[in-house]
Every structure is written in C-alpha cells, then in structure tokens.
Amino acid sequence: MVEIELDGKKVEIAAGSMVMHAAEKAGTYIPHFCYHKKLTIAANCRMCLVDVEKAPKPMPACCTPVTQGMVVRTTSDKAIKAQKSVMEFLLINHPLDCPICDQGGECQLQDLAVGYGASASRYEEEKRVVLHKDVGPLISMEEMTRCIHCTRCIRFGQEIGGVMELGMINRGEHSEITTVAGDTIDSELSGNMIDLCPVGALTSKPFRYSARTWELSRRKSISPHDSTGTNLVVQVKNHRVMRVLPFENEDVNECWIADRDRFSYEALSSSDRLEHPMLKQGGEWREVDWQTALEYVANGLQDIDAEHGASSIGALVSPHSTLEELYLAGALMRGIGSGNIDYRLRHAEFTAAPGVRWLGRSIASLSTLDSVLVVGSNVRKDHPLFAQRIRQAARKGCVVSSINVAAQDWAMPVPHAMVAPAADWLRTLADVAGAVAQARQVQAPVNVGESSAAAAAIAAALLGGEQKAILLGNAAAHHSQASQLLALCNWIGEQTGATVGYLTEAANTVGAQWVRALPEAGGLNAGQMLGGALKGVLLLNTEPEFDSAAGKRASAALAKADMVVTLSPFKTNMEFSDVLLPIAPFTETSGSFVNAEGRLQSFHAVVRPLGETRPGWKVLRVLANLMDLSGTDFETSQEVLVQITGMTGDSSAVPVEQLNNHSDAVVSDLAGVAGEAPAAAAIYQLDGLVRRSPSLQATRDGLAGAAEAQP
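About the thresholds
- Counting restarts for each chain: residues are numbered from 1 in the order of the written sequence.
- Local features in this predicted model are restricted to residues of pLDDT 70 or higher, and side-chain atom pairs are both shown and tallied only at a pLDDT of 80 or more, whereas totals for entire chains, interfaces and linings draw on every residue.
- Water and hydrogen atoms were dropped before computing side-chain values, which therefore reflect all heavy atoms in the structure.
- A strand pair is defined by DSSP finding two or more bridges across the two strands.
- Each helix is a run of DSSP H or I of at least 4 residues and each strand a run of E of at least 2, with the numbering of both proceeding from the N terminus.
- Think of it in three bands: with a 1.4 Å probe and only protein chains considered, a residue is buried below 20% of the maximum accessible area for its type, exposed above 50%, and partly exposed in between.
- Nonpolar side chains (Val, Leu, Ile, Met, Phe, Trp, Tyr) are joined into patches within 5 Å and like charges within 9 Å, using only residues with over 30% relative accessible area and no salt bridge.
- What sets the accessible areas is the Shrake-Rupley method with a 1.4 Å probe; for residues, cover comes only from the shown protein chains.
- One side-chain nitrogen of Lys or Arg within 4 Å of one carboxyl oxygen of Asp or Glu is enough to make a salt bridge.
- Throughout, nonpolar core names a set of buried Ala, Val, Leu, Ile, Met, Phe, Trp, Tyr and Cys residues whose side chains join them through atoms within 4.5 Å.
- Pairs of residues are marked as contacts when any of their non-hydrogen atoms sit within 4.5 Å.
- In the analysis that follows, any N or O atom pair within 3.5 Å is treated as a polar contact, provided that within protein one partner can donate a hydrogen and the other can accept it, and provided that, for residues neighboring in sequence, both atoms belong to side chains.
- The split of the chain into domains comes from an automatic or database domain assignment.
- To obtain an axis, a line is fitted to C-alpha atoms, over the contacting stretch when the element is a helix, and the angle between two such axes runs from 0 to 180 degrees between their N-to-C directions.
- When an angle is under 35 degrees it counts as roughly parallel; over 145 it counts as roughly antiparallel; between 65 and 115 it counts as roughly perpendicular; any other value is oblique.
- Crossing chirality is assigned from the near helix's rotation relative to the far helix, an anticlockwise turn below a right angle marking it left-handed and a clockwise turn marking it right-handed.
- By the convention adopted, Pro, Cys, Tyr, Trp, Phe, Met, Ile, Leu, Val and Ala count as nonpolar, Lys, Arg, Asp and Glu as charged, and the other residues, Gly among them, as polar.
- Put simply, two rings from Phe, Tyr or Trp (the six-membered ring, in Trp's case) pair if the centres are within 6.5 Å, and we call them stacked under 30 degrees between planes, edge-to-face over 60, tilted for the rest.
- For a Lys NZ or an Arg CZ to count as sitting over a ring, it must be within 6 Å of the ring centre and within 35 degrees of the ring normal.
- Charged residues are defined here as Lys and Arg on the positive side and Asp and Glu on the negative side; His and the ends of the chain fall outside this count.
- UniProt positions are given in the numbering used here, feature names are shortened, and annotations may be inferred rather than shown by experiment.

Caption draft 1: Molecular detail of the sheet that holds strand β17 (residues 341-342). Read from one edge of the open sheet, seven strands run β15-β14-β25-β24-β23-β16-β17, paired in mixed fashion. Each of the sheet's edge strands pairs with one partner strand only, and the pair in question is β15 (284-287) and β17. With four bridges joining them, strand β24 (residues 563-568) and strand β25 (residues 579-582) adopt parallel strand pairing. Across the sheet, Ser568 pairs through a bridge with Pro582, a residue of β25.

Here it is in structure tokens:
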C-alpha cells in the first residue's frame, strides 16, 4: 500500500494503482471519457488530466501510477485549464445536434461540456463528416460524426466480447471507428457497446427515436431467460416497456447484460399478445370473461378426474416461470391427486435427482478459474455472461477444455477440445477419467484402454492449478445418459479437486427443482406426458413444439387429449388447445427466480398487465379455489414465497443442504446411445419472449437458430 495526497486528503491505495483508482476510492470525480473500470486503460481522450506536484505538465489520471507521497490536485487552475483545453479539441468536430440526438439527456460529453466547455468555438474550418454504417439490427452507427474516439467499443469487443468486431482506421481527424471483422456486429453481448459509448455515436436501433430519457421511469427487475439471473433496469413510459439496461451487481452480471436480456422486451408489445381469455367452441376461438373461462377449466378437469382418474391429468411447466407459479402449479396437481408435473421438457432421461442440481460454485468465482472443462455446451451462446467470466479467467491463464459435438468458436482460447458425437460423450469422458487415473495412479471407474493424447491434456489441465471446475451444459443435462455423465464428472472432480456443476438452462431451472415441479412417486414425466399419456393437460408458459424434445410430435400427441389449457402471455398452442388463459410476462407480475448458483432474486411488476392479463400465480390460485382445494389461499406472491421458504421473511438463496449434484448412476455400459441428439435451444430460440423479438430474430444468430428450428 502507498499513501498519496489527493486534493488535500490522504488516500491509501495498493501499489501499482493509478491516480484514477485513488480518486474513485476517495469519492473524488475526475472527468473522463475513455476510462472504464472493466476495460484496459487506453489514455487516449486526455480528459482526466490532473496536476501532479513536481510533474512539468498535467498528467492523465487513468494511466499515472501512484507513488508514495505523491500530491495530486484535480481542481487546481493548472488541471482545470488542461481539462478545458481537451474539451475544446473534442468539440471542434462534434456536430451541434444535441436536440435530435438519442443520447441527449444521458450524454457524458453533454454533461462535461457544461462544466468544461466554452460558450463559443474558435474553430472556423469545416467540420469532418463520417458516413453512417449499417452494422445489423441492434446497434445504430448512423451518426458516427459524433464519435470522440474513446475506443471503449473496440476494447469491449476485444476484452469482454472476445471478438474485435470494431476497430479504428486512418489517422488524425480522419480517424473513424468501423467494422473490421465483417460487415455486421454479431456478438451476443454487443448491446453493451451502446451503454459504454459516452456520446450518441452508438445507439439502440429498436429504441431509436421512441422516447427521451427524462420521460422514462426506471424500475429494477430480473431477466427471465438464462440461469445467470441478470439484474435489469426496465425503463417504462405510459405503462409500456421502452428499454432495458443493466443494473450493476458485481456478484451476478457485473455491469453487463446479454443482447437477449436487452432486446427481448419487443415481444411484450407484439401483436401476438393474448389479452383476453379464449375458448374454442365448434372449432372457433372466441373471447370470454375470466369467470367463464376458469369455471370451464375447473369443471372440465373435474369431469376428467371423475371419468379417467386424477392420474390422467398433468402439468407441463416451463422453467422460465416464476417460483410462485411453479409452486402453485405443483400444489394444484397434488391437490387433485395427480403426481404428473414436470419442468424437464427438453430432457431425454428422467432419473430422480437426490437434491437440487446447480452450478456447484458461485458465478463470480468463474472469473478466477485456473482450469475448466465444459461438457455438452456451446457456452458462448447458451450462457453469454458465464462465457464472459470464463473468458476473463482465460485472459489470466485459465486452461479451457471442452467435450462437444463440434469445435465451436467461444471467442477465447480452447487449447483442449475433444469432438465426439453425443452418443460417444460417455466414452470420451471415460477416456479423460482414465487419464486422470493413470496420472494419479488409482483405479479408473471404467476401463477404456490407453487414454488418448487429448484426454491426457485435459486431465493434466484439471490436475494443475487451484481453482478448477467441470461444467455440464444444456446438452449434457438433456442427454439420455445424463446421470452417467454426471457420475463420471463427479469421479473426475473428486480426483482432481474440481467442483462439478450444471450451467442450468433457464432462469428458474434451480427453482423448479427446489419447489418440486417434478413427478411424485408413480407420476408421469415430461416425456410420457408429451407422448400423449394424458386426458387433461395444463401448459404453463410452454410451447411444446419449440420448448420440448418432442417438437412437432408433441402437438399431435396433445391434440388427442380431452382438454388442453394453455397459460401464456401469447396466442399460442391454438391448434390443439381448448382454452387460452392470458398470464403476465415477468414485467407485469411480481415473482422470484433462482439462478444457477442458488441465489433467490425477487422482483415486482414494472407495468400494469395488458388487457385482461392476470399474474400466473393468481390464476392458478383461483383455479384451485374453484376446485375446492385447500392450502392455496394466498393474497400476494410474497405470501407464496414465504410458504416456499418456510420463513417469515425473504430468503436469499436455496438452502445449501439441498444443493447437490450427486448421482447414484453406475457407469458400465459405454456403448453408443441410439436415438436423437440432446435437445438444446439456440440462443434466440430459448423461450417465447426471445422468439418474438423481431430485432433478435434478424441477427445472424437469430436467422441461424430459426433455420435450425425448421423441420
């Protein structure tokens, strides 16, 4: 630690830190544009010039290391004069278009120009002009004349996104930022460049010219997509979601969000929204009131119960549903005497797990790994923010290994990649286990003969270092030999000291396990229910054709049921449903999600429900009341949560004793698995919201995912 004097105050900070870091610790603001705490230091805007005693000229605070006894003045005449001079140069070529700029009201340059800019310009020459660029459906680069060359967007692509999609060409006042890797910006994290841009050069295409920042209300929420549990700021105008931005949480998403978290809000105002309950009568759909629809459902389920028994009724629930919705769906099924409820829509194996399967470590710790083996995941697309953390670890020397069906571009070095068909993953993992056993001189769990060089390299990587993890992805979780894959991973983890965990597919995959949205003893699993084994079906936030391993076959099987009830924010499943009940998406209801590390995060509605839409938990509660079921008389979602946690207040996490990636499977049969490859959704096919976002579907990943989803 060294001590410096900053504007008359003593500040102690670690040796090697910069003056800017000391100022942040002291709570002193130094004007800047190019500096960002999550990016490397570029020191090219020079706005942060400060007066350092004994230095002959002002020094940039962002790249001047602290030294013992250093005296720094940030507001002296020398510092202020230097900062004003830099501002004058920055404004020389900047267009005077603040009134029409989408960044107006939240522009860093605009704010600092008030304090450091002059009232008139001394520059009489022609201003430079930079032609606009079309870089895809998400980011607008139509006013690049505004760019001040802070290079934040370039550094973000290189360091966080992993791909240098933007770069600077030419020199001097002819310099400009443009695409260098291709014609479009295709990173799954690209929207963060919009947040990083301190001026109006990079703006959001979907949000463009739709509202002014001072017109928007700001409300916190949680992303309903992947299992990161990303913290969001949802911006609202006239009870309509206009924009979604990151809410900083260092332990979860840092200050970033994935593009599907940012742009999926478009679906909330789509023409596909279901605004009123609907019944199918005589093959025709008609709108009805809630009382009529719920009584129809309650009577229909009771008739099926009387004729075929409660075991002929089941619920297929989405792990993107809230904790409260999943709990009440289970309570409804158990209340009528059915054990048929399952969230595992894309699974091929339905072995009962002894605990709640989870990440196996904290999300934040992914950034500090020394070695990681990822099995059955395109981690960059399945979990963009987890990949970002692993990418940071790789930049510090983490050895990344993978076992998957193909070599994929994760935008980070993957020195050890074993490519094998999904049917051979068990044998491939056994190969790695054999190499570990040989290195440790212990008995391997299963004999596969001489280990391959690739397996030996992965084993060596896992045996080295302190922080190590084995992570099973969506395809591994949905595999027909999932429990055996986990068993082998657990053995390797025990021998190498690596944690073993699942990346977990959806926002509430962990929560669905916690509230037991799973078949009771003797109950039907998702595969059996999707195969046509039910007479009465409840579909909660589920579109079986897109959300299940059965795909189009599910539609034909469900069409044979006596009654299919769809609870969804959208007009969907209409070809085989009998009732559509409009339930609220995450922005129109309160609820909770449990992310991959077991962190429980609650949120409130940010806008009022559209039309006659009602919160899903409330619809399920009223339905249970109409069927005279006890134990579901909740007035608020918070009461449901208290019931789940068994506490008188909020809990912050799933109880540690329930988080368990144990597997009782015995690995013996290494023969290939017959049948289809594991079902894993593409990045913009994961759930109904992202599937209905026009901007996301127009991206390169969106178009590729839609093509794969076609029969």
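Caption draft 2: Inspection of the pairing of β25 at higher detail. Going residue by residue along β25, you find Val579 and Leu581 tucked away on one face and Leu580 and Pro582 tucked away on the opposite face as well. Bridging between strand β14 (residues 278-281) and β25 involves two bridges; their strand directions are antiparallel. Opposite Met278, over in β25, you have Leu580 as the bridge partner.

Caption draft 3: Structural context of a nonpolar patch on the surface. On the surface, Met164, Ile169 and Val180 cluster together into a nonpolar patch covering about 230 Å² of accessible area. Within the secondary structure, Met164 is located in the loop between α4 (152-161) and β8 (166-169). Assessed through its relative accessible area of 37%, Met164 is described here as partly exposed.

Caption draft 4: Up close: the nonpolar core. With 53 residues, the main nonpolar core has Val317, Leu332, Leu538, Leu567 and Leu581 as its most contacted residues. If sequence neighbours within four positions are ignored, Leu538 has contacts with Leu301, Gly314, Ala315, Leu316, Leu332, Met333, Val565, Leu567, Leu620 and Leu623. Counting 49 residues, the second largest nonpolar core, distinct from the first, contains Leu49, Leu109, Ile185 and Leu189.

Caption draft 5: Region of the structure containing the side chain of Ser637. Relative to the helices and strands, Ser637 is located in helix α20 (residues 637-645). Overall, the relative accessible area of 2% leaves Ser637 in the buried class. At 2.6 Å, the side chain of Ser637 forms a polar contact with the side chain of Ser590. If near-sequence neighbours (up to four positions away) are discounted, Ser637 is found in contact with Glu324, Ser590, Gly591 and Trp617.

Caption draft 6: Broad picture of the domain arrangement of the protein. Per the domain assignment, the segments of the protein are domain 1 (2-92), domain 2 (108-269), domain 3 (300-353 + 509-657) and domain 4 (363-503). Taken over C-alpha atoms, the centre of domain 1 sits 44 Å from the centre of domain 4.

Caption draft 7: Expanded view of α4. α4 sits mainly inside the fold: nine of its ten residues count as buried. For α4, the set of buried residues is Arg152, Cys153, Ile154, Arg155, Phe156, Gly157, Glu159, Ile160 and Gly161. Buried residues along α4 sit against α3 (108-116), β8, β9 (176-179), α5 (192-196) and α10 (384-395). Once α4 finishes, Gly162 follows within two positions and takes phi at roughly 90 degrees, a positive value.

Caption draft 8: The packing of helix α11 (residues 425-440) against helix α12 (residues 453-463), seen in detail. One way to put it is that α11 packs onto α12 with a least axis distance of 8 Å and a crossing angle of 60 degrees. With respect to their mutual orientation, α11 and α12 come out oblique. Judged by the sense of rotation from one axis to the other, the crossing of α11 with α12 is right-handed. When α11 is examined against α12, the residues Asp431, Val432, Ala435, Val436, Ala439 and Arg440 are found in contact with a partner set consisting of Ala455, Ala456, Ile458, Ala459 and Leu463. Tallied by class, residues from the contact of α11 with α12 come to nine nonpolar, no polar and two charged.

Caption draft 9: View of the pairing of β8. The sheet contact formed by β8 and β9 spans four bridges and is antiparallel. When the sheet's bridge partners are listed, Ile169 is paired in β9 with Glu176. Between β8 and β9, which pair antiparallel one after the other, the connecting turn spans six residues, and Asn170 there sits at a positive phi close to 70 degrees.

Caption draft 10: Summary view of unusual backbone geometry. Phi is positive for Asn170, which is not a glycine, with a value near 70 degrees. As for its position among the elements, Asn170 is in the loop between β8 and β9. By relative accessible area, Asn170 is classed as partly exposed at 47%. One non-glycine residue, Glu254, lies in positive phi territory at about 55 degrees. Counting through the fold element by element, Glu254 comes out in the loop between β13 (240-246) and α6 (259-263).

Caption draft 11: The arrangement of the packing of aromatic side chains in detail. The final tally for this structure, using the stated rule, is two aromatic pairs. Against the face of Phe207 rests Arg243, its NZ or CZ located 4.3 Å from the ring centre.

Caption draft 12: Just the side chain of Arg128, in detail. Looking at the element boundaries, Arg128 is found in the loop between α3 and β6 (133-134). We note that Arg128 is buried and unpaired, the nearest opposite charge coming from Glu173 at a distance of 6.6 Å. Within polar-contact distance, the side chain of Arg128 engages the backbone oxygen of Ser175 at 2.9 Å. Not counting chain neighbours up to four residues away, the residues in contact with Arg128 comprise Asn93, Met144, Thr145, Cys147, His149, Glu173 and Ser175.

Caption draft 13: Representation of the UniProt feature "domain: 4Fe-4S Mo/W bis-MGD-type" (unreviewed entry) in the protein in the model. When the UniProt feature table is mapped to this numbering, "domain: 4Fe-4S Mo/W bis-MGD-type" (unreviewed entry) covers residues 216-272. Helix makes up 9% of residues 216-272 and strand 35%, and the two end C-alpha atoms of the span are 25 Å apart.

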